Amino acid sequence: MECVKVGNAGKFHSSIYHKFIHTMVYSIEEADTLLDLLVSKYFKYIDVCYFTYISLEKLIRTLDVRSATAESEKESTTCASGELLIRNIHHALSKIPLLQQLGEKSEFEMWNASGVFTKDSKTETKKKSKDSKTETNDVPSSAIISKKMKLKFSKAWMAFLTLEPLPIDVYKEVLVTLHQAVIPYLSNPKLLSDFLTKSYDIGGVISVMALSSLFILMTEHGFEYPNFYVKLYALLQPSIFIAKHRAKFFQVTLAYCHTSVCRRTERTRIEACPCLFI
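Every chain is numbered on its own, with residues counted from 1 as its sequence reads. Since the coordinates come from a predicted model, pLDDT governs what is reported: local features require at least 70, and pairs of side-chain atoms require 80 or more to be given and counted, while whole-chain, interface and lining totals use all residues. To get the side-chain values, all heavy atoms of the structure are used, and hydrogens and water are removed first.

### A few points about the packing of aromatic side chains
Using the following cut-off: Centres within 6.5 Å are what make two rings of Phe, Tyr or Trp a pair, Trp counting through its six-membered ring; a difference in plane orientation under 30 degrees is then read as stacked, over 60 as edge-to-face, and the rest as tilted. Only runs of H or I of at least four residues qualify as helices and only runs of E of at least two qualify as strands under DSSP, and these elements are numbered from the N terminus. For each residue, the accessible area found with a 1.4 Å probe, counting protein chains only, is set against the maximum for its type, and the residue is called buried under 20%, exposed over 50%, and partly exposed in between. Over a ring means this: the NZ of a Lys or the CZ of an Arg is within 6 Å of the ring centre and within 35 degrees of the ring normal.
Counted under the stated rule, the structure contains 11 aromatic pairs. Considering the side-chain rings of Trp157 and Phe160, the 5.8 Å spacing of their centres and the 85° angle between planes classify their relative orientation as edge-to-face. Taken as a pair, Trp157 and Phe160 lie in helix α9 (residues 142-160) at a separation of three residues, close to a single helical turn. There is no split in this pair, since Trp157 and Phe160 are both buried. In this structure an aromatic cluster arises from ring pairing among Phe12, Tyr17, Phe20, Tyr50 and Phe51. The ring of Trp111 has Lys5 sitting right over it, with the charged end atom 4.4 Å from the ring centre.

This is the structure in structure tokens:
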């Protein structure tokens, strides 16, 4: 990390850091240890989080889950199988603190003070020449930093959600936390529509777990899903009343049915609305 800090002519050495993240993700035994060190010592720095998103996205884009699994089965190596790779990536993504946890302020703590969030020197010169009395800060405003972080966050998560197949436990964990830990920080939440509708179409407990996030897309982001009521009604089977997530299912269903989305037409409300049967 000291090499990362100053190894690129005094700037953040992203290529060294990428190799470090690559080693961590592909490791069988050391992934948790390395990630714990990152979380405890370095994830408080905004630039480290920024480049972690970039590195994880690059790894995901070049990742062939099936070939990695096949190679790990053929010979005993220190490289992780495809399923373990996905787990390591998800673990890393979920451990990066959200921007609000780092603190939305004008000055974020950085591992390298002259890194990615430093304003261009030419821009600074122009600003100083316009108003010599105005003091300028080398660090851009929190709005600019938030925008950059949100973009990298979105790219990394959307790349991860394209990986197939996700291990079932990882899949369920993603669905449970998506509406709180991912959607509020995406640059465009509607990008999740394909993933969520595909999950909702599976049926059973997976559909129930996808409800909260789909509910947010429909009520807060204008997402249209014509078959929502048909599929929601189909979920009302005896097994749903003893399912682990039944409370959330009924909560989301009733909340949705009391929104303006549900009340667009009396016909929809009378003939299709599941809240009439709960």
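### Quick look at the nonpolar core
To keep things clear, this is the line we draw: We define the nonpolar core as a collection of buried residues of types Ala, Val, Leu, Ile, Met, Phe, Trp, Tyr and Cys that are connected through side-chain atoms lying within 4.5 Å of one another. Two residues qualify as a contact provided that any one of their heavy atoms is within 4.5 Å of a heavy atom in the partner residue.
Core analysis: the biggest nonpolar cluster contains 74 residues, and Tyr17, Met149, Phe160, Leu192, Phe195 and Leu196 have the highest contact counts within it. With sequence-adjacent residues up to four places away left out, Phe160 is seen in contact with Ile60, Ile86, Ile89, His90, Leu93, Leu166, Val170 and Val174.

### Here's the deal with helix α4 (residues 46-61)
Selection rule: The span one expects for a helix is its residue count, reduced by one, times 1.5 Å.
Given a rise of 1.5 Å per residue, 16 residues ought to cover 22 Å, and the 23 Å separating the end C-alpha atoms of α4 matches this to within 8%. Most of α4 sits out of view: 14 of its 16 residues are buried.

### Quick word on the packing of helix α10 (residues 168-181) against helix α12 (residues 204-220)
The cut-off we apply is this: Convention adopted: a line fitted to C-alpha atoms gives each axis, helices being fitted over their contacting stretch, and angles between N-to-C directions are expressed from 0 to 180 degrees. Should an angle fall under 35 degrees it is taken as roughly parallel, and over 145 as roughly antiparallel, whereas 65 to 115 is taken as roughly perpendicular and any remaining angle as oblique. Crossings are sorted by hand: turned counterclockwise from the far helix by less than a right angle, the near helix makes the crossing left-handed, and turned clockwise it makes it right-handed. Here the term charged refers only to Asp, Glu, Lys and Arg, the term nonpolar to Ala, Val, Leu, Ile, Met, Phe, Trp, Tyr, Cys and Pro, and the term polar to all other amino acids, Gly among them.
Contact pair α10 / α12: the axes reach a minimum separation of 7 Å and the direction vectors enclose 30°. As judged from the angle between their axes, α10 and α12 are roughly parallel. As for the relative orientation of α10 and α12, their crossing is left-handed in sense. Between α10 and α12, the contacting residues are Ile168, Tyr171, Lys172, Leu175, Val176, Leu178 and His179 on the first element and Val205, Ile206, Met209, Ala210, Ser212, Ser213 and Ile216 on the second. The residue makeup of the contact of α10 with α12, split by class, is 10 nonpolar, three polar and one charged.

### Concerning the pattern of salt bridges
How we decide: Salt bridge, as used here: a side-chain nitrogen of Lys or Arg that lies within 4 Å of a carboxyl oxygen of Asp or Glu.
A complete count under the given rule lists four salt bridges for this structure. Across the pair Arg87 and Glu83 runs a salt bridge whose closest N-O atoms are separated by 2.8 Å. Linking Arg87 with Glu83, this pair stays in helix α6 (residues 82-95), spanning four residues, or about one helical turn. Relative accessible area serves as the criterion here: at 27%, Arg87 is assigned to the partly exposed category. Here Glu83 falls in the partly exposed class, since its relative accessible area comes to 42%.

### Details of the packing of helix α2 (residues 14-26) against helix α3 (residues 31-42)
Across the interface, α2 lies against α3 with an axial gap of 9 Å and an inter-helix angle of 135°. As summarised for this structure, α2 and α3 are arranged oblique, according to the angle between their axes. Taking contact as the criterion, the partners of Tyr17, Phe20, Ile21 and Met24 in α2 are, on α3, Ala31, Leu34, Leu35 and Leu38. Residues of the contact of α2 with α3, tallied by class, amount to eight nonpolar, no polar and no charged.

### Overview of the confidence of the model for the protein
Put simply, the rule reads: Here pLDDT means the predictor's own confidence in every residue, given as a number from 0 to 100.
Here the protein averages 77 in pLDDT, and 68% of its residues register 70 or above. Here helix α8 (residues 121-130) stands out as the element of the protein with the lowest mean pLDDT, 43, in contrast to α4, whose mean of 95 is the highest. With pLDDT under 50 throughout, residues 121-137 is counted as low confidence; its partners more than four residues away or in other chains account for eight contacts.

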